[in-house]
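# Working through the structure, step by step
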Amino acid sequence: MSSFLSQEVPLSWYLLLSAALFSLGVVGFLIKRNLITVFMSIELMLNGVNLSFVTFAHQWHAVKGQIFVFFVMMVAAAEAAVGLAIIIAVFRARATLAVDRIDLMKL
Amino acid sequence: MHLILFLVFAGFCLGGAINLLIQSHPINSALSLIVVMVSLAVLYLLLGAEFLAAAQVIVYAGAIMVLFTFVVMLLNAGREAHTLGSRAALRLGFPAVVAILAVIATVILRAQGLGVAKLSDGITSTEELSTVLFTKLLLPFEVTSVLILIAILGAVALARHDDTDQRANVERTGK
(Lines give C-alpha, C1' and ligand atoms only; values in the text may rest on other atoms or scores of the structure.)
Protein backbone atom coordinates (compact mmCIF):
# COMPACT_ATOMS: atom_id res chain seq x y z
CA MET A 1 0.00 0.00 0.00
CA SER A 2 2.80 2.41 0.87
CA SER A 3 4.55 1.75 -2.45
CA PHE A 4 1.25 2.33 -4.16
CA LEU A 5 0.85 5.69 -2.44
CA SER A 6 4.41 6.80 -3.07
CA GLN A 7 4.24 6.44 -6.83
CA GLU A 8 5.50 9.60 -8.43
CA VAL A 9 5.00 11.32 -11.75
CA PRO A 10 7.89 13.01 -13.57
CA LEU A 11 7.21 16.70 -14.09
CA SER A 12 8.10 16.29 -17.76
CA TRP A 13 4.80 14.42 -18.20
CA TYR A 14 2.93 17.48 -16.99
CA LEU A 15 4.93 19.64 -19.39
CA LEU A 16 4.19 17.25 -22.26
CA LEU A 17 0.48 17.42 -21.43
CA SER A 18 0.70 21.20 -21.39
CA ALA A 19 2.44 21.22 -24.79
CA ALA A 20 -0.18 18.83 -26.18
CA LEU A 21 -3.04 21.03 -24.93
CA PHE A 22 -1.39 24.10 -26.44
CA SER A 23 -0.92 22.34 -29.80
CA LEU A 24 -4.52 21.12 -29.82
CA GLY A 25 -5.53 24.72 -29.19
CA VAL A 26 -3.47 25.87 -32.18
CA VAL A 27 -5.01 23.14 -34.37
CA GLY A 28 -8.49 24.21 -33.24
CA PHE A 29 -7.65 27.83 -33.96
CA LEU A 30 -6.64 26.86 -37.50
CA ILE A 31 -9.34 24.38 -38.51
CA LYS A 32 -12.45 25.63 -36.72
CA ARG A 33 -14.71 27.86 -38.78
CA ASN A 34 -17.02 29.13 -36.06
CA LEU A 35 -15.98 32.36 -34.34
CA ILE A 36 -17.00 31.10 -30.89
CA THR A 37 -15.12 27.81 -31.27
CA VAL A 38 -12.02 29.68 -32.45
CA PHE A 39 -12.28 31.73 -29.27
CA MET A 40 -12.61 28.53 -27.21
CA SER A 41 -9.40 27.24 -28.81
CA ILE A 42 -7.63 30.37 -27.54
CA GLU A 43 -8.88 29.57 -24.03
CA LEU A 44 -7.52 26.04 -24.48
CA MET A 45 -4.09 27.45 -25.36
CA LEU A 46 -4.16 29.71 -22.28
CA ASN A 47 -4.99 26.70 -20.11
CA GLY A 48 -2.12 24.71 -21.59
CA VAL A 49 0.31 27.50 -20.75
CA ASN A 50 -1.15 27.83 -17.24
CA LEU A 51 -0.42 24.15 -16.61
CA SER A 52 3.22 24.64 -17.44
CA PHE A 53 3.41 27.68 -15.13
CA VAL A 54 2.03 25.59 -12.26
CA THR A 55 4.42 22.75 -13.09
CA PHE A 56 7.44 25.04 -12.95
CA ALA A 57 6.14 26.67 -9.77
CA HIS A 58 6.15 23.16 -8.28
CA GLN A 59 9.62 22.44 -9.65
CA TRP A 60 11.26 25.55 -8.21
CA HIS A 61 9.01 25.80 -5.12
CA ALA A 62 8.17 29.33 -6.27
CA VAL A 63 4.89 30.97 -5.37
CA LYS A 64 5.24 33.60 -8.08
CA GLY A 65 4.55 31.07 -10.83
CA GLN A 66 1.15 30.38 -9.30
CA ILE A 67 0.45 34.09 -8.92
CA PHE A 68 1.23 34.54 -12.61
CA VAL A 69 -1.44 31.93 -13.39
CA PHE A 70 -3.84 33.92 -11.22
CA PHE A 71 -3.12 37.03 -13.33
CA VAL A 72 -3.55 35.03 -16.54
CA MET A 73 -6.96 33.89 -15.27
CA MET A 74 -8.01 37.49 -14.55
CA VAL A 75 -6.86 38.66 -17.98
CA ALA A 76 -8.61 35.66 -19.59
CA ALA A 77 -11.85 36.58 -17.83
CA ALA A 78 -11.60 40.18 -19.06
CA GLU A 79 -10.68 38.94 -22.53
CA ALA A 80 -13.65 36.55 -22.61
CA ALA A 81 -16.05 39.33 -21.62
CA VAL A 82 -14.76 41.77 -24.26
CA GLY A 83 -14.31 39.07 -26.92
CA LEU A 84 -17.82 37.72 -26.54
CA ALA A 85 -19.20 41.27 -26.63
CA ILE A 86 -17.32 41.78 -29.92
CA ILE A 87 -18.75 38.47 -31.22
CA ILE A 88 -22.27 39.65 -30.35
CA ALA A 89 -21.63 42.98 -32.11
CA VAL A 90 -20.25 41.19 -35.20
CA PHE A 91 -23.18 38.79 -35.26
CA ARG A 92 -25.58 41.71 -35.04
CA ALA A 93 -23.92 43.43 -38.00
CA ARG A 94 -23.31 40.38 -40.21
CA ALA A 95 -25.83 37.78 -39.01
CA THR A 96 -23.16 35.08 -39.31
CA LEU A 97 -20.45 33.51 -37.17
CA ALA A 98 -18.45 31.87 -39.98
CA VAL A 99 -14.94 33.31 -39.93
CA ASP A 100 -14.62 32.98 -43.72
CA ARG A 101 -17.40 35.49 -44.16
CA ILE A 102 -16.10 37.93 -41.56
CA ASP A 103 -13.15 39.33 -43.49
CA LEU A 104 -13.67 43.08 -43.22
CA MET A 105 -13.14 45.19 -40.15
CA LYS A 106 -15.68 47.80 -41.17
CA LEU A 107 -19.28 46.96 -40.57
CA MET B 1 -2.25 7.06 -6.38
CA HIS B 2 -0.69 10.19 -7.89
CA LEU B 3 0.19 8.25 -11.04
CA ILE B 4 -3.34 6.90 -11.43
CA LEU B 5 -4.95 10.30 -10.78
CA PHE B 6 -2.56 11.92 -13.23
CA LEU B 7 -3.22 9.36 -15.96
CA VAL B 8 -7.01 9.50 -15.52
CA PHE B 9 -7.28 13.28 -15.54
CA ALA B 10 -4.61 13.81 -18.21
CA GLY B 11 -6.69 11.40 -20.31
CA PHE B 12 -9.84 13.41 -19.61
CA CYS B 13 -7.94 16.57 -20.53
CA LEU B 14 -6.67 15.27 -23.86
CA GLY B 15 -9.97 13.55 -24.65
CA GLY B 16 -11.89 16.75 -23.97
CA ALA B 17 -9.49 18.83 -26.07
CA ILE B 18 -9.70 16.39 -29.00
CA ASN B 19 -13.49 16.25 -28.67
CA LEU B 20 -13.54 20.07 -28.82
CA LEU B 21 -11.91 19.83 -32.25
CA ILE B 22 -14.06 16.98 -33.54
CA GLN B 23 -17.46 18.33 -32.57
CA SER B 24 -19.10 20.53 -35.17
CA HIS B 25 -21.66 22.16 -32.90
CA PRO B 26 -20.29 24.94 -30.64
CA ILE B 27 -22.30 23.86 -27.60
CA ASN B 28 -20.65 20.41 -27.66
CA SER B 29 -17.26 22.08 -27.95
CA ALA B 30 -18.09 24.30 -24.97
CA LEU B 31 -19.08 21.30 -22.86
CA SER B 32 -15.86 19.44 -23.71
CA LEU B 33 -13.89 22.56 -22.81
CA ILE B 34 -15.53 22.43 -19.36
CA VAL B 35 -14.29 18.82 -19.01
CA VAL B 36 -10.76 20.00 -19.88
CA MET B 37 -10.89 22.82 -17.34
CA VAL B 38 -12.21 20.72 -14.45
CA SER B 39 -9.59 18.03 -15.14
CA LEU B 40 -6.93 20.74 -15.14
CA ALA B 41 -8.18 21.84 -11.71
CA VAL B 42 -7.49 18.31 -10.41
CA LEU B 43 -4.00 18.39 -11.96
CA TYR B 44 -3.33 21.75 -10.24
CA LEU B 45 -4.34 20.14 -6.96
CA LEU B 46 -1.93 17.26 -7.64
CA LEU B 47 0.82 19.86 -8.13
CA GLY B 48 -0.06 21.45 -4.80
CA ALA B 49 -1.79 24.59 -6.08
CA GLU B 50 -4.97 24.51 -4.00
CA PHE B 51 -5.99 28.11 -4.57
CA LEU B 52 -5.54 27.83 -8.32
CA ALA B 53 -7.55 24.61 -8.39
CA ALA B 54 -10.46 26.42 -6.74
CA ALA B 55 -10.04 29.49 -8.96
CA GLN B 56 -9.89 27.29 -12.05
CA VAL B 57 -13.25 25.71 -11.21
CA ILE B 58 -14.89 28.98 -10.17
CA VAL B 59 -13.48 31.37 -12.78
CA TYR B 60 -12.87 29.17 -15.81
CA ALA B 61 -15.29 26.27 -15.54
CA GLY B 62 -17.83 28.49 -13.84
CA ALA B 63 -17.84 32.09 -15.01
CA ILE B 64 -16.07 32.01 -18.38
CA MET B 65 -17.72 28.86 -19.70
CA VAL B 66 -21.16 30.01 -18.56
CA LEU B 67 -20.50 33.16 -20.59
CA PHE B 68 -19.53 31.02 -23.59
CA THR B 69 -22.56 28.73 -23.43
CA PHE B 70 -24.76 31.76 -22.87
CA VAL B 71 -23.46 33.44 -26.02
CA VAL B 72 -23.74 30.20 -28.04
CA MET B 73 -27.38 29.91 -27.03
CA LEU B 74 -28.08 33.63 -27.41
CA LEU B 75 -26.76 33.73 -30.97
CA ASN B 76 -28.33 30.37 -31.80
CA ALA B 77 -25.08 29.24 -33.41
CA GLY B 78 -25.59 26.23 -35.62
CA ARG B 79 -23.27 23.58 -37.01
CA GLU B 80 -20.24 24.88 -38.77
CA ALA B 81 -19.72 24.18 -42.43
CA HIS B 82 -16.34 22.94 -43.61
CA THR B 83 -15.02 25.19 -46.32
CA LEU B 84 -12.06 25.24 -48.66
CA GLY B 85 -10.19 27.37 -46.17
CA SER B 86 -10.65 24.92 -43.28
CA ARG B 87 -9.55 21.95 -45.41
CA ALA B 88 -6.45 23.83 -46.52
CA ALA B 89 -5.73 24.77 -42.89
CA LEU B 90 -6.13 21.12 -41.89
CA ARG B 91 -3.78 19.84 -44.60
CA LEU B 92 -1.07 22.45 -44.12
CA GLY B 93 -1.54 23.46 -40.51
CA PHE B 94 -1.83 20.03 -38.92
CA PRO B 95 1.64 18.76 -39.97
CA ALA B 96 3.14 22.11 -38.98
CA VAL B 97 1.58 21.95 -35.52
CA VAL B 98 2.68 18.31 -35.10
CA ALA B 99 6.23 19.38 -36.00
CA ILE B 100 6.11 22.19 -33.40
CA LEU B 101 4.79 19.75 -30.79
CA ALA B 102 7.60 17.32 -31.65
CA VAL B 103 10.20 20.06 -31.15
CA ILE B 104 8.70 21.12 -27.80
CA ALA B 105 8.46 17.49 -26.66
CA THR B 106 12.09 16.87 -27.59
CA VAL B 107 13.19 19.90 -25.58
CA ILE B 108 11.13 18.79 -22.57
CA LEU B 109 12.33 15.19 -22.68
CA ARG B 110 15.98 16.22 -22.96
CA ALA B 111 15.76 18.80 -20.17
CA GLN B 112 17.97 17.97 -17.22
CA GLY B 113 17.03 18.33 -13.61
CA LEU B 114 13.26 18.22 -13.89
CA GLY B 115 11.93 16.80 -10.66
CA VAL B 116 9.05 14.51 -9.85
CA ALA B 117 5.67 15.21 -8.29
CA LYS B 118 4.26 13.01 -5.56
CA LEU B 119 1.34 13.21 -3.19
CA SER B 120 3.52 13.84 -0.14
CA ASP B 121 4.92 17.06 -1.61
CA GLY B 122 2.43 19.14 0.32
CA ILE B 123 0.43 22.04 -0.98
CA THR B 124 1.11 25.74 -1.32
CA SER B 125 -1.33 27.26 1.10
CA THR B 126 -3.51 30.17 0.07
CA GLU B 127 -1.98 32.14 2.94
CA GLU B 128 1.52 31.74 1.51
CA LEU B 129 0.28 32.81 -1.92
CA SER B 130 -1.64 35.82 -0.69
CA THR B 131 1.29 37.03 1.42
CA VAL B 132 3.40 37.39 -1.71
CA LEU B 133 0.48 38.69 -3.77
CA PHE B 134 -0.46 41.45 -1.34
CA THR B 135 3.06 42.54 -0.41
CA LYS B 136 5.49 42.15 -3.31
CA LEU B 137 2.96 42.13 -6.14
CA LEU B 138 0.41 44.60 -4.82
CA LEU B 139 0.80 47.08 -7.70
CA PRO B 140 0.18 44.54 -10.51
CA PHE B 141 -2.82 43.27 -8.54
CA GLU B 142 -4.32 46.74 -8.29
CA VAL B 143 -3.58 47.47 -11.96
CA THR B 144 -5.48 44.29 -12.87
CA SER B 145 -8.54 45.65 -11.12
CA VAL B 146 -8.38 48.67 -13.43
CA LEU B 147 -8.10 46.26 -16.37
CA ILE B 148 -11.24 44.43 -15.24
CA LEU B 149 -13.09 47.74 -14.88
CA ILE B 150 -12.09 48.76 -18.42
CA ALA B 151 -13.16 45.32 -19.68
CA ILE B 152 -16.59 45.72 -18.07
CA LEU B 153 -17.06 49.16 -19.63
CA GLY B 154 -15.83 47.90 -23.00
CA ALA B 155 -18.12 44.87 -22.95
CA VAL B 156 -21.13 47.00 -22.08
CA ALA B 157 -20.28 49.60 -24.74
CA LEU B 158 -19.77 46.93 -27.42
CA ALA B 159 -22.79 44.80 -26.68
CA ARG B 160 -25.17 47.70 -26.19
CA HIS B 161 -27.89 47.77 -28.77
CA ASP B 162 -28.10 51.38 -29.81
CA ASP B 163 -30.27 53.01 -32.41
CA THR B 164 -27.55 53.74 -34.96
CA ASP B 165 -26.80 50.02 -35.31
CA GLN B 166 -30.44 49.25 -35.79
CA ARG B 167 -30.86 51.93 -38.44
CA ALA B 168 -27.78 50.67 -40.34
CA ASN B 169 -29.21 47.15 -40.23
CA VAL B 170 -32.56 48.28 -41.51
CA GLU B 171 -30.94 50.22 -44.33
CA ARG B 172 -28.74 47.30 -45.33
CA THR B 173 -31.39 44.60 -45.30
CA GLY B 174 -33.95 46.92 -46.81
CA LYS B 175 -36.64 46.03 -44.32
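On a predicted model such as this, the values are computed, not experimentally measured, just so you know.

On to the overall build of chain A. The number of helices and strands found in chain A is four helices and one strand. Seen in sequence order, chain A has helices and strands lined up from the N terminus as α-β-α-α-α. Scaling as 2.2 N^0.38, a compact globule of 107 residues should have a C-alpha radius of gyration of about 13 Å, whereas chain A reaches 18 Å, well beyond that. In terms of its C-alpha atoms, chain A occupies a principal-axis envelope of roughly 60 × 25 × 20 Å. Counting across all 107 residues of chain A, residues that qualify as buried make up 50%. Residue pairs in contact within chain A that sit at least 24 positions apart in sequence constitute 50% of those at least 6 positions apart.

Before going further, it helps to spend a moment on the packing of helix H3 (residues 35-60) of chain A against helix H2 (residues 26-46) of chain B. Running from N to C, H3 of chain A and H2 of chain B point in directions that differ by 10°, and their axes come no closer than 10 Å. What the angle tells us is that H3 of chain A and H2 of chain B run roughly parallel. Residues Ile36, Thr37, Met40, Glu43, Leu44, Asn47, Leu51 and Val54 of chain A of H3 of chain A touch H2 of chain B, and the partners they reach there are Pro26, Ser29, Ala30, Leu33, Val36, Met37, Leu40, Leu43 and Tyr44 of chain B.

For the pair helix H4 (residues 63-94) of chain A and helix H5 (residues 126-135) of chain B, the least separation of the axes is 10 Å and the interaxial angle reads 75°. By the criterion of interaxial angle, the relationship of H4 of chain A to H5 of chain B is roughly perpendicular. Listed contacts from H5 of chain B to Val63, Lys64, Gln66 and Ile67 of chain A of H4 of chain A are Glu128, Leu129, Val132 and Leu133 of chain B. Broken down by class, the residue content of the contact of H4 of chain A with H5 of chain B amounts to five nonpolar, one polar and two charged.

Moving on to the interface of chain B and chain A. On the side of chain A, 67 residues touch chain B, which itself brings 77 residues to the contact. Every element with two or more residues in the side of chain B that touches chain A is listed here: helix H1 (2-22), H2, helix H3 (50-75), helix H4 (84-110), strand E1 (116-117), H5, helix H6 (138-159) and helix H7 (163-173) of chain B. Among the elements that take part in the side of chain B that touches chain A, H4 of chain B stands out by supplying 13 residues, more than any other. Here the residues of the side of chain B that touches chain A sort into 61 nonpolar, 12 polar and four charged. Bridge count for strand E1 (residues 9-10) of chain A against E1 of chain B is two bridges, and the pairing is antiparallel. Paired with valine 9 of chain A across the two strands is alanine 117 of chain B, which belongs to E1 of chain B.

Annotation of chain B at the domain level lists domain 1 (2-136) and domain 2 (137-175). Taking only C-alpha atoms, the centre of domain 1 of chain B and the centre of domain 2 of chain B are 28 Å apart.

Tracing the backbone through its elements, the reader meets methionine 1 of chain B in the segment before H1. C-alpha of methionine 1 of chain B to C-alpha of glycine 11 of chain B: the two residues are 10 residues apart in sequence and 15 Å apart in space.

Tracing the backbone shows leucine 30 of chain A in helix H2 (residues 11-31). Given 20 C-beta atoms within a 10 Å radius, leucine 30 of chain A is considered buried. For the pair leucine 30 of chain A and serine 41 of chain A, spaced 11 residues apart in sequence, the C-alpha to C-alpha distance is 9.1 Å. Not counting the four nearest positions on each side in its chain, leucine 30 of chain A is found in contact with Ala89 and Gly93 of chain B.

With 22 residues, H6 of chain B should cover 32 Å at 1.5 Å per step; its first-to-last C-alpha distance of 32 Å lies within 8% of that length. Among the 22 residues in H6 of chain B, two count as buried, and that is only a small part of the element.

Within the largest apolar cluster, 69 residues are counted, with the highest numbers of intra-cluster contacts made by Leu21, Ile36 and Val54 of chain A together with Tyr44 and Leu52 of chain B. Listing elements by their share of this core, those giving two or more residues are H2, H3 and H4 of chain A together with H1, H2, H3, H5 and H6 of chain B. Setting aside residues no more than four positions away along its own chain, leucine 21 of chain A makes contact with Leu44, Asn47, Gly48 and Leu51 of chain A together with Cys13 and Ala17 of chain B.

Each value, and the rule that gives it
- Residues numbered from 1 in each chain as written.
- Chains lettered and ligands numbered in written order.
- Predicted model: local features only at pLDDT ≥ 70, side-chain atom pairs only at ≥ 80, totals over all residues.
- Helix = DSSP H or I, 4+ residues; strand = E, 2+ residues; numbered from the N terminus.
- Rg over C-alpha atoms; globule rule 2.2 N^0.38 Å.
- Buried ≥ 20, exposed ≤ 12 C-beta atoms within 10 Å, placed from the backbone.
- Contact = placed C-beta atoms within 7 Å.
- Axes fitted to C-alpha atoms, helices over the stretch in contact; angles between N-to-C directions.
- Parallel < 35°, antiparallel > 145°, perpendicular 65-115°, else oblique.
- Nonpolar A, V, L, I, M, F, W, Y, C, P; charged D, E, K, R; others polar.
- Pairing = 2+ DSSP bridges.
- Domains from an automatic or database assignment.
- Expected span 1.5 Å × (residues − 1).
- Core = buried A, V, L, I, M, F, W, Y, C linked by C-beta atoms within 7 Å.

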